[in-house]
Amino acid sequence: LKEARGEIERISRANASIQSTATNAQEQRDQTHQEIMRLQALIQGHEAHVATAEKVRSRLEEEGRQLTEELSENKRLLHAAEQKERALESETTRNRKDLTDALVEVREANQRAEVSKVDAEQASAKLERAEAKLAAQVKEQEVAVMEAESAAYGAEQREAEAVARA
């Protein structure tokens, strides 16, 4: 009986030890399960961050491509604008030269016109003098004609008187 009690006590201690070990194992299993759940939540959070980062990276790559395309287009437009500016500068230079040449021609034409005006005024004055001279000659001739007509009339009168006397 003593032996059986000793055996029961030993079995009870072993059972308590097993029970304690089982409780410890259960606690460790619970802790491990909680740690697994925590790690799974971390992994899911990390995966969500990775997915978000991947979307952001993809979006940034697309924006980078668009910006590169815009930069290329802007460079092309800038080059075209620079060419146009050079062409406009060249055209402006040509137009200035043309305007300068035209201005010189106008000045020369004005000088010629001024000379022609002076020549025309001189010719007009000569013409007026010639007209006055011609008018004076016409008057003289009219006077001479009138004198000749008067003399002829007087001669006709004298002849008629002489015929009448004879």
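Structure report, in brief. (Residues numbered from 1 in each chain as written. Predicted model: local features only at pLDDT ≥ 70, side-chain atom pairs only at ≥ 80, totals over all residues. Heavy atoms only, no water.)

**Thoughts on the overall build of the protein chain**
Piece 1. Across its full length, the protein chain holds one helix and zero strands.
Piece 2. Against the compact-globule benchmark of 15 Å for 166 residues, the protein chain has a radius of gyration of 68 Å, which places it well outside the compact range.
Piece 3. With the C-alpha coordinates aligned to their principal axes, the bounding extent of the protein chain is approximately 230 × 30 × 15 Å.
Piece 4. Within the structure as shown, the protein chain displays about 15,000 Å² of accessible surface, and the carbon and sulfur contribution to it stands at 57%.
Piece 5. One way to put it: in the protein chain the 26 positive side-chain charges average out to a point 11 Å from where the 34 negative ones average out. (Helix = DSSP H or I, 4+ residues; strand = E, 2+ residues; numbered from the N terminus. Rg over C-alpha atoms; globule rule 2.2 N^0.38 Å. Areas by Shrake-Rupley, 256 points an atom, 1.4 Å probe, with all protein chains shown as cover. Lys, Arg positive; Asp, Glu negative; His and termini not counted. Charge placed at Lys NZ, Arg CZ, Asp CG, Glu CD.)

**Focus on the pattern of salt bridges**
Piece 1. Going through the model one piece at a time under the given rule, you end up with nine salt bridges.
Piece 2. For Glu61, the salt bridge is made with Arg57, and the minimal N-O distance between the two is 2.4 Å. A residue pair is termed a helical-turn pair when its members lie 3 or 4 positions apart in one helix, as Glu61 and Arg57 do in helix α1 (residues 2-165) at four residues.
Piece 3. Overall, the relative accessible area of 38% leaves Arg57 in the partly exposed class.
Piece 4. A salt bridge links Glu73 to Arg76, with the shortest nitrogen-to-oxygen separation between them at 2.6 Å. Placement of both Glu73 and Arg76 in helix α1 is noted, with a separation of three residues, approximately one turn of the helix.
Piece 5. Looking at Arg76, the relative accessible area reads 47%, which means it is partly exposed. (Salt bridge = Lys/Arg side-chain N within 4 Å of Asp/Glu carboxyl O. Buried < 20%, exposed > 50% of the residue type's maximum accessible area, 1.4 Å probe, protein only.)

**Examining the environment of Thr92**
Piece 1. On the secondary structure map, Thr92 appears in helix α1.
Piece 2. According to the relative accessible area criterion, Thr92 is partly exposed, its value standing at 34%.

**Overview of the environment of Gly45**
Piece 1. Relative to the helices and strands, Gly45 resides in helix α1.
Piece 2. Residue Gly45 is classed as partly exposed on the basis of its relative accessible area of 27%.
Piece 3. Expressed as a C-alpha distance, the spacing of Gly45 and Ala120, which sit 75 residues apart in the sequence, is 106 Å.

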